Structures are given as structure tokens and as C-alpha cells.
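Structure assessment
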Amino acid sequence: NAAAELANADEPSKVLKPVKEASREATMVLAACHSLVAMPDAPVHTGPDGKSLDDKPALPRAPELLGDPIELAAMRGVQWSFDPRSEKAAPGDLVTMNAAVVATKLKAEAAAAALQQLRQKQPAAAAAELKLAESNLEHFKTQLTKLIESFEAAKKEAARSPVQDIKILQRYHFSSKLQRMSVLCRVRERGSNEYSRKPICLVKGSPEAILKLLKAAPSWYQTTYR
């Protein structure tokens, strides 16, 4: 396991990995132990074509997270998402990606409609406009294809995570005196309908503060952060 891997390593370079390949425990801390908040939901009044959406379905929107840039970068690094409304962290940023797919699809549909209108004009009079409209439509089609491919790949990657989601119960924000922060949470394993009965405590903080909480620190622990 991750603890044994760290304890048996003679030097940190042997266990350094890309953030998205972090151990289950490290990923859980990066994804759920944070102080991120979200802006209140705002209505979407216009679509990609600039027209009112009052008579159209509302676009799906992911809450805009705000907070420490390092915590935001860590969330992106492990490729998880956090929904402040439900206080849940989950693998994959599928809501944001789906919103991008829907928005680009609307742009492609608007471009196709504009192209159709131009084709009904006299070819000679609309030649330049027609070329530009065809180029715009092709651009949005290509962009949409790439977004859909990325979305499907993200779904497959998220499905490989052993954790389905993490429900935050209580946050204990960073304390300068303790030099750490923590959250109490429950974890739902992949394929399960229920969360863990016992709460789990996720903690992060300064190396000195975390060292006091470890039963056994790797031999390279202190020399690495110093």
C-alpha cells in the first residue's frame, strides 16, 4: 500500500509521480480537504448566439469555485470536482465538461442555421460570407468532436477510481496555531449505494505538524522538505 511504499523508499525520487497518479489516500486529501467555496448560481440570460434563453432550456452549469489557487490547482491536478451545494467531491470534472459540450453544440447549431440562410441568397453576392460561415461551422464541429472525445475519456477515467465520491460532514479550517486543517467525511466506494459508517478524517498541513501525527515517518521525510 501507499504507506508501505513510502516507508520502504530510500529516497523521494522513487515515489514521485504525476499528481493524477497519486495514491488513493493522497488523492482524497487533495480533493476533499480544502476551503474552497462557490459563487451563488446566476441565471444564464443569453446563449452563444447572443439571443435570449428565456424560451430555451437552461444551460448546465458547474459552480464556480473560489479559494486558494494551490487548492484549485490540486483539484485540477487529481482531476476531481467539488460540488459545494452537496458538499461532495467526486472523480472527474464531468459537469464542467458537459457544459462545454452543450455550449459548443449550440454554437454549431447557430453556425449551421446561419450557413443555411446564406445559401438561400444569390451565390455571387454571398460568396465571401458563405466561405466564412462554412469555416465557422467546420471550426465548431471540430471543437465539438474533441470535447465529446475528452468527455468520454474523462468518464472512463473517473470510473476507474475506487472511490465514487466523498461527502464532507464538517470542515475544520486552517489554524495558524495548529498549522493544519482537516475535514470529517464519509466515503462511498465505487459500486456502493451507501457511505462508510465511520467518518474519516482527512488532514493536511505543514510538514512539522503532520510529522507529529504520523506513527512512522519515511526515512527521507525531514530531509526532503528541508
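Residues numbered from 1 in each chain as written. Predicted model: local features only at pLDDT ≥ 70, side-chain atom pairs only at ≥ 80, totals over all residues. Heavy atoms only, no water.

Here we come to helix 5 (residues 127–159). Taking 1.5 Å as the rise per residue, helix 5 with 33 residues should run 48 Å; its terminal C-alpha atoms sit 48 Å apart, in good agreement. Looking only at helix 5, the buried set comprises Ala133, Leu137, Phe140, Leu144, Phe151, Ala154 and Ala158. Its buried side turned inward, helix 5 meets strand 4 (88–91) and helix 4 (94–119). (Helix = DSSP H or I, 4+ residues; strand = E, 2+ residues; numbered from the N terminus. Expected span 1.5 Å × (residues − 1). Buried < 20%, exposed > 50% of the residue type's maximum accessible area, 1.4 Å probe, protein only. Contact = heavy atoms within 4.5 Å.)

On to the side chain of Ser182. Checked against the element boundaries, Ser182 lands in strand 6 (residues 180–189). The residues touching Ser182, leaving out its near neighbours within four places in the chain, are Cys33, Gln170, Arg171, Tyr172, Cys201, Leu202 and Val203.

Ranked by internal contacts, the top residues of the largest apolar core, which has 21 residues, are Trp80, Ile166 and Leu202. Mapped onto this core, the elements with two or more residues apiece are helix 2 (24–32), helix 3 (69–77), strand 3 (80–83), strand 5 (163–175) and strand 6. When residues no more than four places from it in sequence are discounted, the contact partners of Ile166 are Met28, Ala32, Trp80, Glu87, Lys88, Ala89, Cys185, Arg186 and Val187. Ranked by size, the runner-up nonpolar core spans seven residues in total, among them Leu115, Leu118, Leu137 and Phe140. (Core = buried A, V, L, I, M, F, W, Y, C linked by side-chain atoms within 4.5 Å.)

What follows is about the packing of helix 4 against helix 5. Relative to each other, helix 4 and helix 5 sit at 160 degrees, their axes nearing to 8 Å. If you check the angle between helix 4 and helix 5, you find them roughly antiparallel. As for the relative orientation of helix 4 and helix 5, their crossing is left-handed in sense. For the contact of helix 4 with helix 5, the per-class residue count stands at 18 nonpolar, four polar and six charged. (Axes fitted to C-alpha atoms, helices over the stretch in contact; angles between N-to-C directions. Parallel < 35°, antiparallel > 145°, perpendicular 65-115°, else oblique. Left-handed = near helix turned anticlockwise from the far one by under 90°. Nonpolar A, V, L, I, M, F, W, Y, C, P; charged D, E, K, R; others polar.)

As a further point, take the confidence of the model for the protein chain. Averaged over every residue, the pLDDT of the protein chain is 82; the share at 70 or more is 80%. Counting interchain partners and residues more than four positions distant, the pLDDT-below-50 stretch residues 1–7 has eight contacts. Below a pLDDT of 50 lies the segment residues 42–54, which in the model reaches 17 contacts outside its immediate sequence neighbourhood of four places, other chains included. (pLDDT = per-residue confidence, 0-100.)

With that settled, the discussion passes to the sheet that holds strand 7 (residues 200–205). The strand order across the open sheet formed by five strands is 3-4-5-6-7, and the pairing between neighbours is antiparallel. Lying at the two open borders of the sheet, with one neighbouring strand each, are strand 3 and strand 7. On average, each strand axis in the sheet is inclined to that of its neighbour by 30 degrees, with strand direction left out of account. (Pairing = 2+ DSSP bridges.)

So, about helix 2. For helix 2, the set of buried residues is Thr27, Met28, Val29, Ala31 and Ala32. Residues of helix 2 that are buried in the fold lie against helix 3, strand 3, strand 4, strand 5, strand 6 and strand 7.

Attention now moves to unusual backbone geometry. A positive phi angle is found at Gln79, which is not glycine, with a value near 60 degrees. Considering the arrangement of structural elements, one finds Gln79 in the loop between helix 3 and strand 3. Assessed through its relative accessible area of 38%, Gln79 is described here as partly exposed. In this structure, Gln179 takes a positive phi of about 60 degrees despite not being glycine. Following the sequence through the fold, Gln179 ends up in the loop between strand 5 and strand 6.

With that settled, consider the side chain of Ser161. Here Ser161 shows up in the loop between helix 5 and strand 5. A polar contact of 3.1 Å, which involves the side chain of Ser161, links it to the backbone oxygen of Val163. Not counting chain neighbours up to four residues away, the residues in contact with Ser161 comprise Trp80, Pro91 and Arg190. (Polar contact = N/O pair within 3.5 Å; in protein donor to acceptor, adjacent residues only side chain to side chain.)

Time to look at the layout of surface pockets. Taken as a whole, the second largest pocket holds about 990 Å³ of empty space. Lining the second largest pocket are 41 residues, with Gln79, Trp80, Ser81, Ala90 and Gly92 positioned closest to its centre. At the level of elements, helix 2, helix 3, strand 3, strand 4, helix 4, helix 5 and strand 5 are the ones that each hand at least two residues to the lining of the second largest pocket. (1 Å grid on protein atoms, 1.4 Å probe; cavity = no way out; pocket = protein on both sides within 12 Å on 5 of 7 lines; lining within 4 Å. Points joined across faces, edges and corners; volume = space filled by probe spheres on them.)

Pairing is possible between side chains of opposite charge, provided their charged atoms come close. Counted by the stated rule, this structure contains six salt bridges. Two residues, Glu87 and Arg171, come together in a salt bridge whose shortest N-O distance is 3.8 Å. On the criterion of sequence distance, the pair formed by Glu87 in the loop between strand 3 and strand 4 and Arg171 in strand 5 is long-range, its members being 84 residues apart. For Glu87, a relative accessible area of 24% puts it in the partly exposed group. (Salt bridge = Lys/Arg side-chain N within 4 Å of Asp/Glu carboxyl O.)

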